[in-house]
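# Topology and contacts: notes
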Amino acid sequence: RFIACPQLARTVRRCLQHGAGPGPGLGPGPQPLLLEFAPGPGILTQTLLDAGFRVVALESDSDFLADLQSLENSLDGQLKVIHGDFFRLDPLTKGALKPPAVSSDKLFETMGVAAVPWRADVPLKIFGIVPQQLERNRLWRLLFAMYECSSIYRYGRVELNLFISEKEYTILTAKPGESRIYQALTVLAQLGYEIELLHKEPWSSFATNLKNGGLAIPKTVQLPNDHLCLVRLTPQQNLFTGGLKPSNASTFIFMVKQSFAKPKSRLTDRLNSWSLDNSDALLKALEIPKNAAMRNLYPEDYKRLFEALQNSDMFAETLFHDEVLASTKIMN
């Protein structure tokens, strides 16, 4: 799906002009830099350039590349076009990468964006529309990279501005106890990102380049899904405080994922299944009720629980080792 409507392009530009990141407004000072992935016909790209943005366009579809490249050639360095696919960044392959696969190192070097410490300001804004095919998988992959500070997140707290389905937005922002929609993804996204809804737009506003002119809108029974939601995901500055670190983040992710394998199960049963003998004392210290169900815990409770388990001599990092390996393979 692509932005083809000039009015929607102007709305998105306004959303991107306000908020955190380099060059917060567009007054005097350096032009803000934006990485736009899959820009398609370049309607938004042109709107951003007119507003003074410097844009790096990452496009994988050769049908659109030629027009974008001729636009690049007509400008004095304000636009850089790269043949690549944002969702094929840093694949686990040996040897040189062939486009549209891209290495984030090369990409950031081309953009002139240097790595900054995690607690520093946002080093880069990214905008794009997440393809509906494997949407959930793509969101998980970004989340993994963020928790492990790998790929784009080796450069700091990169800000994502993504159009995602209303269904996935509802899941990302669910509250504890909302059965079925409060999931492992919810907990990890809310802990990891500041999640901000910038705009909602009906599916019909977006163009597709399919010959028959349409892409099926994913149907859902339980959740609203009439719009695409423009969501800003800014990594939390204080994510890696306490016992959570990029080096043990995958263990934390699997603790949360395993907790939601049976969301109705009680926390004490889950802890006993991890062979913790002192679970009662642990929960008392954390002030979490013994009979709490996994789906009723707040995201912060999961982080506190993980940090307490880290300090408990009963808890072995190797507990989720096999799941970590298996799932990392699947993610890649």
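Residues numbered from 1 in each chain as written. Predicted model: local features only at pLDDT ≥ 70, side-chain atom pairs only at ≥ 80, totals over all residues. Heavy atoms only, no water.

## Describing the packing of helix α7 (residues 184-192) against helix α11 (residues 299-311)
The N-to-C vectors of α7 and α11 enclose an angle of 85°; their axes lie 8 Å apart at closest approach. Our classification of the angle between α7 and α11 gives roughly perpendicular. The residues of α11 that touch α7, namely those facing Val187, Gln190 and Leu191, are Pro299, Glu300, Tyr302 and Lys303. For the contact of α7 with α11, the class distribution of residues is four nonpolar, one polar and two charged. (Axes fitted to C-alpha atoms, helices over the stretch in contact; angles between N-to-C directions. Helix = DSSP H or I, 4+ residues; strand = E, 2+ residues; numbered from the N terminus. Parallel < 35°, antiparallel > 145°, perpendicular 65-115°, else oblique. Contact = heavy atoms within 4.5 Å. Nonpolar A, V, L, I, M, F, W, Y, C, P; charged D, E, K, R; others polar.)

## Let's talk about the sheet that holds strand β5 (residues 125-129)
Taken together, the seven strands give an open sheet; going across it, the order is β4-β3-β2-β5-β6-β9-β7, and neighbouring strands pair in mixed fashion. Each end of this open sheet is capped by a strand with a single partner; those strands are β4 (79-83) and β7 (193-202). In this sheet, neighbouring strand axes are inclined to one another by 20° on average, regardless of whether the strands run parallel or antiparallel. (Pairing = 2+ DSSP bridges.)

## Things to note about unusual backbone geometry
Here the bond from proline 99 into proline 100 is cis, since omega is 10°, no more than 30 degrees from zero. Within the secondary structure, proline 100 sits in the loop between β4 and α4 (104-111).

## Description of the pattern of salt bridges
According to the stated counting rule, one finds 10 salt bridges in the structure shown. Taking the shortest distance from any N to any O, the salt bridge between aspartate 280 and lysine 290 comes out at 3.7 Å. Within this pair, whereas aspartate 280 is found in helix α10 (residues 279-286), its partner lysine 290 is found in the loop between α10 and α11, the two being separated by 10 residues in sequence. The exposure class of aspartate 280 is partly exposed, given its relative accessible area of 41%. Accessibility expressed as a relative area gives 49% for lysine 290, which makes it partly exposed. Residues joined in a network through salt bridges with shared partners are Lys125, Glu159, Glu196 and Arg232. (Salt bridge = Lys/Arg side-chain N within 4 Å of Asp/Glu carboxyl O. Buried < 20%, exposed > 50% of the residue type's maximum accessible area, 1.4 Å probe, protein only.)

## Description of the packing of α7 against helix α8 (residues 249-259)
At a minimum axis separation of 8 Å, α7 and α8 run at an interaxial angle of 140°. The angle between α7 and α8 places the two elements in the oblique class. In this structure, α7 crosses over α8, and the sense of that crossing is right-handed. Here Ala184, Val187, Leu188 and Leu191 of α7 come into contact with α8, specifically with Phe252, Ile253, Val256 and Lys257. Considering only residue class, the contact of α7 with α8 consists of seven nonpolar, no polar and one charged. (Left-handed = near helix turned anticlockwise from the far one by under 90°.)

## Overview of the UniProt feature "binding site: S-adenosyl-L-methionine" (unreviewed entry) in the protein
The UniProt record marks Ile3, Glu59 and Asp85 with the feature "binding site: S-adenosyl-L-methionine" (unreviewed entry), using the residue numbering of this structure. Residue classification places isoleucine 3 among the buried positions, given a relative accessible area of 4%. Those residues in contact with isoleucine 3 that lie beyond four places of it in its chain are Leu8, Ala9, Val12, Pro41, Ile43, Leu44, Phe127, Ile129, Phe163 and Phe206. Tracing the backbone shows glutamate 59 in strand β3 (residues 54-59). Judged by relative accessible area, glutamate 59 falls into the buried class, the value being 2%. The contact partners of glutamate 59, leaving out residues within four places of it in the chain, are Ala38, Pro39, Gly40, Phe64, Leu65, Leu68, Ile82, His83 and Gly84. (UniProt positions renumbered as here; feature names shortened; annotations may be inferred.)

## Considerations on the nonpolar core
Ranked by size, the top nonpolar core spans 77 residues in total, and within it Phe86, Tyr147, Ile152, Leu160 and Phe252 carry the most contacts. It is helix α5 (residues 135-148) that contributes the most residues to this core, eight residues altogether. Here this core spans two domains, since at least three of its residues come from each of domain 1 (2-235) and domain 2 (246-331). Apart from residues lying up to four places away in sequence, isoleucine 152 is in contact with Phe86, Leu89, Ser104, Phe108, Ile126, Leu142, Val158 and Leu160. One finds Ile3, Ala9, Ile129 and Phe206 within the second-largest nonpolar core, a separate group that totals 27 residues. (Core = buried A, V, L, I, M, F, W, Y, C linked by side-chain atoms within 4.5 Å. Domains from an automatic or database assignment.)

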